[in-house]
There are 4 protein chains.
Amino acid sequence: MLRVRLTVEPSLDATDYPFNHRIRVRFAETDAMGIVHHSRYLPYLEETRVAYLRHLGHPYAEMRSDGVDYAVLECFVQYRQPLRFDEEVDVHLRLASATRTSFQMAYLLTVDEVVKATAVTVHGCVTAARRPIRLPQWLIDLGS
Amino acid sequence: MLRVRLTVEPSLDATDYPFNHRIRVRFAETDAMGIVHHSRYLPYLEETRVAYLRHLGHPYAEMRSDGVDYAVLECFVQYRQPLRFDEEVDVHLRLASATRTSFQMAYLLTVDEVVKATAVTVHGCVTAARRPIRLPQWLIDLGS
Amino acid sequence: MLRVRLTVEPSLDATDYPFNHRIRVRFAETDAMGIVHHSRYLPYLEETRVAYLRHLGHPYAEMRSDGVDYAVLECFVQYRQPLRFDEEVDVHLRLASATRTSFQMAYLLTVDEVVKATAVTVHGCVTAARRPIRLPQWLIDLGS
Amino acid sequence: MLRVRLTVEPSLDATDYPFNHRIRVRFAETDAMGIVHHSRYLPYLEETRVAYLRHLGHPYAEMRSDGVDYAVLECFVQYRQPLRFDEEVDVHLRLASATRTSFQMAYLLTVDEVVKATAVTVHGCVTAARRPIRLPQWLIDLGS
């Protein structure tokens, strides 16, 4: 059993996710197997988090200019079906939990409503010098 | 609790890993936080797997020319301390388990013997058409 | 003087470009200088070419399924002002010339109408086995 | 004709280059054409520059800690033969010219002594705030 902070199990039902962001697969993201390289899913998740924060009115770029960063503490991806060049991927996102020091995001990736992958990321807030700090209150409230 | 194939907990002790591969961090792998972007760890793990298979006398390129690929089914990374430009990262690897259809690799990343991250990847063998097939016997034996 | 196929000089005037595609900078594309890494411009150009071909009714994915690929023969980028995280980049594209065997694309990258970079790419058509073949007639006609 | 700073034509003869750095192609660097994606050559050039500066006794990481960066002003790559997974690429480098404000590097990429690509990059020195500054004297002397 993994002794990790990560405790969320991502739902396979897109309606469990309040936010969706669509990303079209770039050719540069494919590999010699003819599919999207497994490392390339993480920037998709990140782009979706950034879009979600913008949607919430708390843009990430603004936080960064305040000297606060969201460090990635853990990530998990389950690859169920490959993604291919030029496909439009719906990345569904849910803030699954938040404590005073960390929060977890759950993700479901679909193409034409077919499940392709699930993922979880765990984050903490840090200063520019990477010292952990308390999450902003709006984020704690949102994840409660 | 995560219902995943991934069951291995990576040790923090480098002597638990029979194989080590050193990678120097490229500038292109850093991000605007001044550290290695979290997505860039996965190619480090992959490069280490490839070096390990070569070391075992079963080079990945050879398997691919036989029409067999190692699909990544799941991955997990725990980021403990950031990696920085030009650091030399020791990626310690252990084949943690193998069944007839999948195997798990555990990883410990250190710089100057300081623990930076741990990771687990789960793999299956697939044909060029991505149909799952039985693992080669040497791999099953190795993971038993 | 460079003895290259590349002969086009990209205009700094956006109105010289018939096609435009907007891309938002991902955090994963930045580097430790706090700007977009110079290698990351090439996938932006590629994404724009793909969008242009789709716009023309000749989607790249379709050509690839016919066994034809656009090989990149040469590329050139001039970085004038850095791109930063979360900026929306307008990639302006023009098919600058086409012969029977190769074609050149010119690019202008702007953010809020400020010039950030120019670029040229030279391409040829190849089969799946990477044997050069004649360009499709519509592409020759378009570049004449 | 291109009105660029870039004026160097890279030699196809490896003996014209005083420095060589070997890089093994990662699987993550290939694309769905089964070859190394054209954008992935730029990090190879950068890794080789960093190795060259270390070899000269002027490590890049040290300069960066002094608040000086080498900005990439222009790049050019000519792709002659594709690179493939697991190949060992020799990146030959030559400091081709240096003025008080910029310098040019020429590159030849070979695999088993077969020419695969040539490239040129143009650089300037900048402060952390990206203000151009004079090159260090050792670099001007080296390129004269």
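In what follows, the accompanying structure is described.

So, how was this worked out
Residues numbered from 1 in each chain as written. Chains lettered and ligands numbered in written order. Predicted model: local features only at pLDDT ≥ 70, side-chain atom pairs only at ≥ 80, totals over all residues. Heavy atoms only, no water. Contact = heavy atoms within 4.5 Å. Buried area = accessible area lost by both parts, 1.4 Å probe. Salt bridge = Lys/Arg side-chain N within 4 Å of Asp/Glu carboxyl O. Helix = DSSP H or I, 4+ residues; strand = E, 2+ residues; numbered from the N terminus. Pairing = 2+ DSSP bridges. Nonpolar A, V, L, I, M, F, W, Y, C, P; charged D, E, K, R; others polar. Buried < 20%, exposed > 50% of the residue type's maximum accessible area, 1.4 Å probe, protein only. Polar contact = N/O pair within 3.5 Å; in protein donor to acceptor, adjacent residues only side chain to side chain. Expected span 1.5 Å × (residues − 1). Least-squares fit on C-alpha atoms with pLDDT ≥ 70 in both.

## Observations concerning the interface of chain D and chain C
Every contact between the two is made by 35 residues of chain D and, on the other side, 35 residues of chain C. Interface of chain D and chain C: buried area, both sides summed, is about 3100 Å²; carbon and sulfur atoms make up 58% of it. The tally of links between chain D and chain C comes to 0 salt bridges. Of all the secondary structure elements, the ones that give two or more residues to the side of chain D that touches chain C are α1 (41-55), α2 (60-65) and β2 (68-79) of chain D. No other element matches the 10 residues that β2 of chain D contributes to the side of chain D that touches chain C. The sheet contact formed by strand β2 (residues 68-79) of chain C and β2 of chain D spans 5 bridges and is antiparallel. Across the sheet, the residue bridging to Cys 75 of chain C is Val 77 of chain D, located in β2 of chain D.

## Here's the deal with the interface of chain C and chain B
In this assembly, 9 residues from chain C lie in contact with 9 residues from chain B. Both sides together, the interface formed by chain C and chain B hides about 780 Å², and carbon and sulfur atoms give 69% of it. When the buried area of chain C at its contact with chain B is split by residue, Phe 27, Ala 32 and His 37 of chain C rank highest and sum to 51% of it. One can count 0 salt bridges joining chain C with chain B. Of the residues that constitute the side of chain C that touches chain B, the class distribution is 4 nonpolar, 3 polar and 2 charged.

## Some remarks on the environment of Tyr 60 of chain C
Following the sequence through the fold, Tyr 60 of chain C ends up in helix α2 (residues 60-65). On the basis of relative accessibility, which here comes to 6%, the residue Tyr 60 of chain C falls in the buried class. In this structure, the C-alpha to C-alpha distance between Tyr 60 of chain C and Thr 118 of chain C, residues 58 residues apart in sequence, is 23 Å. Not counting the four nearest positions on each side in its chain, Tyr 60 of chain C is found in contact with Phe 27 and Phe 85 of chain A, Val 50, Leu 53, Asp 69 and Tyr 70 of chain C together with Met 33 of chain D. In this structure the side chain of Tyr 60 of chain C is engaged in a polar contact, spanning 3.0 Å, whose partner is the side chain of Asp 69 of chain C.

## Observations regarding the side chain of Gln 104 of chain D
All names here are of chain D. Looking at the element boundaries, Gln 104 is found in strand β4 (residues 102-111). Of note is the side chain of Gln 104, whose polar atom sits 3.1 Å from the backbone nitrogen of Thr 7. The contact partners of Gln 104, leaving out residues within four places of it in the chain, are Arg 5, Leu 6, Thr 7, Val 8, Arg 94, Leu 95, Ala 96, Ser 97, Val 120, Thr 121 and Val 122.

## Remarks on helix α1 (residues 41-55) of chain B
Residue and element names in this part refer to chain B. Between its first and last C-alpha atoms α1 spans 21 Å; for 15 residues at 1.5 Å apiece the expected length is 21 Å, and the two agree. For α1, the tally of buried residues reaches 12 of 15 residues, placing the bulk of the element in the interior. Taken together, the buried positions of α1 are occupied by Tyr 41, Leu 42, Pro 43, Tyr 44, Leu 45, Glu 46, Thr 48, Arg 49, Val 50, Ala 51, Tyr 52 and Leu 53. Just downstream of α1, Gly 57 is the residue with a positive phi angle, here 85°.

## Brief notes about the relation of the copies chain D and chain C
Aligned on chain C, chain D shows an RMSD of 0.0 Å; the corresponding rotation is 180° and the shift along the axis is 0.0 Å. Here the symmetry operator amounts to a two-fold rotation axis. Closest approach to the rotation axis within chain D is made by the C-alpha atom of Phe 76 of chain D, at a distance of 2.2 Å. Both copies contact each other with a shared surface, as 100% of the interface residues of chain D are interface residues in chain C too.

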